[in-house]
Amino acid sequence: MRVAIAEDSALLRAGITRLLADEGIDVVASMGDTTDVLEVVRRTRPHVVILDVRMPPTYTDEGIRAAIEIQRGCADTAVLLLSQYVEPTYAEELVRNARGGTGYLLKQRVGDFDEFLSALQRVRRGETVLDSDIFKQFVGSPREKRATDLLTPRERQVLELMATGLTNVGILNRLGISERAVEKHVTSILGKLQIPNSGENHRRVLAVLDYLRGMDRLQEGTE
């Protein structure tokens with residue numbers, strides 16, 4: 001795997017580079033800002049670009065803008081965003097504009113290198129990976145909490161894994177249940193929350209985000 005890194009912290013860039021090198025992953029570019037990121041990506045052709053969400057000069061959404069630009073200009077390159085804080089709006093914008101493998105993780109996940117490496121591998125395969133804490137942020141408001149109260153504890157587990165981009169196979173591997181059980185839970189969740197069914201991983205994540213961002217269909221139907 002070839003990886004490029006855009007992160008303004010030199011220490012974190014060096015740390016990630018060392019961790020990846022120990023796994024035989026080639027870091028083909030290392031940048032402190034996103035000024036020339038698209039040009040660098042076109043020249044080095046990495047499989048995945050790791051970007052900080054907040055980069056110079058404004059430290060707002062430079063990483064998000066760069067990720068969208070990369071996916072529009074280099075369709076074969078996946079992007080994995082790292083953020084210091086849970087920022088659901090940025091995560092949703094990234095997923096909505098995704099044209100390939102896409103991930104959004106908290107920086108603390110780098111410390112759990114197995115999880116971080118798994119996210120890299122998944123976005124390289126074209127999957128969507130969202131940090132589980134983003135899901136928890138989405139369901140924190142009273143309205144969303146009331147809606148998810150319709151689900152059983154196991155269904156809430158499955159919904160969280162759906163929101164992080166796992167396929168049915170990924171969910172069964174994570175929970176240790178049968179494929180038939182996963183399919184049953186997913187069907188029940190989609191029905192209870194009135195989420196359109198889709199076998200495509202990216203669209204299923206979008207459906208979950210649509211619901212959790214404030215679609216009122218369920219509440220309107222029960223009033």
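Here's what I pulled together on the structure shown here. (Residues numbered from 1 in each chain as written. Predicted model: local features only at pLDDT ≥ 70, side-chain atom pairs only at ≥ 80, totals over all residues. Heavy atoms only, no water.)

**Here's the deal with the overall build of the protein**
For the protein, the helix and strand inventory stands at 12 helices and 6 strands. Buried residues in the protein amount to 51% of all 223 residues. Here the analysis covers contacts within the protein between residues at least 6 apart in sequence; of these, 67% occur between residues at least 24 apart. Split by element, the accessible area of the protein, about 10500 Å² in all, is 46% carbon and sulfur. (Helix = DSSP H or I, 4+ residues; strand = E, 2+ residues; numbered from the N terminus. Buried < 20%, exposed > 50% of the residue type's maximum accessible area, 1.4 Å probe, protein only. Contact = heavy atoms within 4.5 Å. Areas by Shrake-Rupley, 256 points an atom, 1.4 Å probe, with all protein chains shown as cover.)

**Looking at the packing of aromatic side chains**
Applying the stated criterion across every chain yields a total of 1 aromatic pair. Ring geometry for phenylalanine 113 against phenylalanine 116: centres 6.1 Å apart, planes inclined by 45°, an arrangement best described as tilted. Separated by 3 residues within a single helix, phenylalanine 113 and phenylalanine 116 lie in helix α5 (residues 113–124), roughly one turn from each other. Residue class for phenylalanine 113 comes out buried when judged on its relative accessible area of 14%. (Phe/Tyr/Trp six-rings, centres within 6.5 Å; stacked < 30°, edge-to-face > 60°.)

**Some thoughts on helix α3 (residues 62–73)**
Given a rise of 1.5 Å per residue, 12 residues ought to cover 16 Å, and the 16 Å separating the end C-alpha atoms of α3 matches this to within 8%. All of the buried residues in α3 are Glu62, Gly63, Ile64, Ala66, Ala67, Ile68, Ile70 and Gln71. Check the buried side of α3 and you find it contacts α2 (37–44), β3 (48–52), β4 (78–83), α4 (88–96) and β5 (102–106). (Expected span 1.5 Å × (residues − 1).)

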